[in-house]
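Fold and contact review
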Amino acid sequence: MTPDKLVRPEVLAMSAYPVADAAGMVKLDAMENPYPLPAALQRQLAERLASVALNRYPEPNPRALRELIMRKMRVPAGMALLLGNGSDDLIQILTLALARPGAALMYPSPTFVMYGMNAAISRMRAVPVPLREDFSFDADAFVARMREEQPALVFLAYPNNPTGVLYPEADVLRVIEAAPGVVVLDEAYHVFAGRTFMDHLPRHRNLLVLRTVSKLGLAGIRLGYLAGAPEWIGELNKVRQVYNVNVLTQAAATFMLEHLEVLEAQAAEIRAERAKLHGALSAMQGLTVFPSAANFFLLRVPDAARSYQALARQGVLVRNLHPGLANCLRVTVGTPDENRILLNALKEAL
Ligand SMILES: *Cc1c(COP(=O)(O)O)cnc(C)c1O
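To start, this report covers the structure provided alongside it. (Residues numbered from 1 in each chain as written. Predicted model: local features only at pLDDT ≥ 70, side-chain atom pairs only at ≥ 80, totals over all residues. Heavy atoms only, no water.)

1. Notes on the packing of helix α5 (residues 86–98) against helix α6 (residues 113–122)
In contact at an axis separation of 9 Å, α5 and α6 are set at 40° when each is read in the N-to-C sense. On the basis of the axis angle, α5 is oblique to α6. Our pair here, α5 against α6, has a crossing hand that is right-handed. Taken together, the residues of α6 that come into contact with α5 (itself represented by Asp-88, Ile-91, Gln-92, Thr-95 and Leu-96) are Met-114, Tyr-115, Asn-118, Ala-119, Ile-121 and Ser-122. A breakdown of the residues in the contact of α5 with α6 according to their chemical character gives 6 nonpolar, 4 polar and 1 charged. (Axes fitted to C-alpha atoms, helices over the stretch in contact; angles between N-to-C directions. Helix = DSSP H or I, 4+ residues; strand = E, 2+ residues; numbered from the N terminus. Parallel < 35°, antiparallel > 145°, perpendicular 65-115°, else oblique. Left-handed = near helix turned anticlockwise from the far one by under 90°. Contact = heavy atoms within 4.5 Å. Nonpolar A, V, L, I, M, F, W, Y, C, P; charged D, E, K, R; others polar.)

2. Observations regarding the layout of surface pockets
Sizing a probe to match a water molecule and rolling it over the atoms shows the empty space that remains. Approximately 1,200 Å³ is the volume attributed to the largest pocket. Lining the largest pocket are 48 residues, with Tyr-17, Phe-112, Val-113, Arg-319 and Arg-330 sitting closest to its centre. Within the residue set of the lining of the largest pocket, elements represented by two or more residues are α5, β3 (104–109), α6, α10 (214–218) and β12 (319–320). Element by element, the count of residues in the lining of the largest pocket is highest for α6, at 4 residues. The residue inventory of the lining of the largest pocket, partitioned by class, reads 27 nonpolar, 12 polar and 9 charged. (1 Å grid on protein atoms, 1.4 Å probe; cavity = no way out; pocket = protein on both sides within 12 Å on 5 of 7 lines; lining within 4 Å. Points joined across faces, edges and corners; volume = space filled by probe spheres on them.)

3. With respect to empty space enclosed by the protein
This model, assessed by the stated rule, comprises 2 cavities of 30 Å³ or more. Counted as a void, the largest cavity has a volume near 40 Å³. Every residue along the wall of the largest cavity is listed here: Val-213, Leu-216, Leu-218, Ala-253, Met-256, Leu-257, Leu-260 and Leu-263. Of all the secondary structure elements, the ones that give two or more residues to the lining of the largest cavity are α10, α12 (247–258) and α13 (260–282). Ranked by the residues each element gives to the lining of the largest cavity, the list is headed by α12, at 3 residues. Residues of the lining of the largest cavity, tallied by class, amount to 8 nonpolar, no polar and no charged. In this structure, the second largest cavity occupies an estimated 30 Å³ of space.

4. Here we look at the site of the ligand
Neighbouring the ligand are 13 residues; Asp-186, Tyr-189, Thr-212, Ser-214 and Lys-215 lie closest to it. Within the side chain of Asn-161, an N or O atom sits 2.8 Å from an oxygen atom of the ligand. Residue Ser-214 places a side-chain N or O atom 2.6 Å away from an oxygen atom belonging to the ligand. Mapping the ligand onto the cavity grids shows that it belongs to the largest pocket. Looking at the shell around the ligand, the elements that each hand over two or more residues are α5 and α10. Taken together, the residues of the shell around the ligand break down into 4 nonpolar, 5 polar and 4 charged. (Near = heavy atom within 4 Å. Polar contact = N/O pair within 3.5 Å; in protein donor to acceptor, adjacent residues only side chain to side chain. Sits in = over half its atoms within 2 Å of the grid points.)

And the structure:
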């Protein structure tokens, strides 16, 4: 018996999430914070981690860490928090929990590929609704489509990946108010956007705010959190794998949240570099750069495959989004040195 006879057709039709080999490259493909921790902080973190009891199971729903996140990230009082092994884990929990037969998952498209992948894995009906040509959000079209499809779950990436566009607050509110089900605002890039719907949670019981510490500088520890009304979090918590956040992640996250100002200062540097990089990219002939509220830019080039290869040959790794997004590359904002290397390499790559 071969897999194609037994594996579910939705799974056979999927591709595994592509991750390129980055050894020796200037790594501008995954929206990581390029700055390491200061050496003194690294030593203190090492001490903290050395005292972790690796022989014991993790606390399954760590109260102290949840309370620390709620305080540091300004989650409104009365709301609850669910922790995940990255926000990818929480996206999967949401789709598994809401996948009643026929239930729809709706999202503007193009967007983060994990929404569609998890719809397939959970057997939800994926309903992508096209963004406008310039990647702005057509709220009228989206609300009309919600009326037809009655989605159980809506994902809005705020700002969107891979476009960098931050939808107008009024449009997002229209979706929240018109939605027949849950609306998840995926705020993976909130430190770069400076905008959030966290404050809106108490007024909208069908709203959930999804965050991750990945883009803030902790992609390696895998921690995401979902904030919302306790009645929702309580149901979703039943789907969570009991020990989904390991002891090292819990300890490292606690330590880093106690020193959050270090990561926030790095994010401020990245925002300043974003402005400089946008200026330099806009001045370049032969490419279009889209404005971004995140720590990356979407570029349209004449030939994405050729540019991707030419950048790779010069030691610069970016993300090729073609053919899904015609002739588009996504580049992460790096350090000043990395951005200089990118700009020079691009001159030879168009
Ligand atoms: C990067 C990204 C995530 C993934 O976050 P992890 O916590 O690293 O799993 C989620 N949503 C969007 C929109 C992203 O761009």
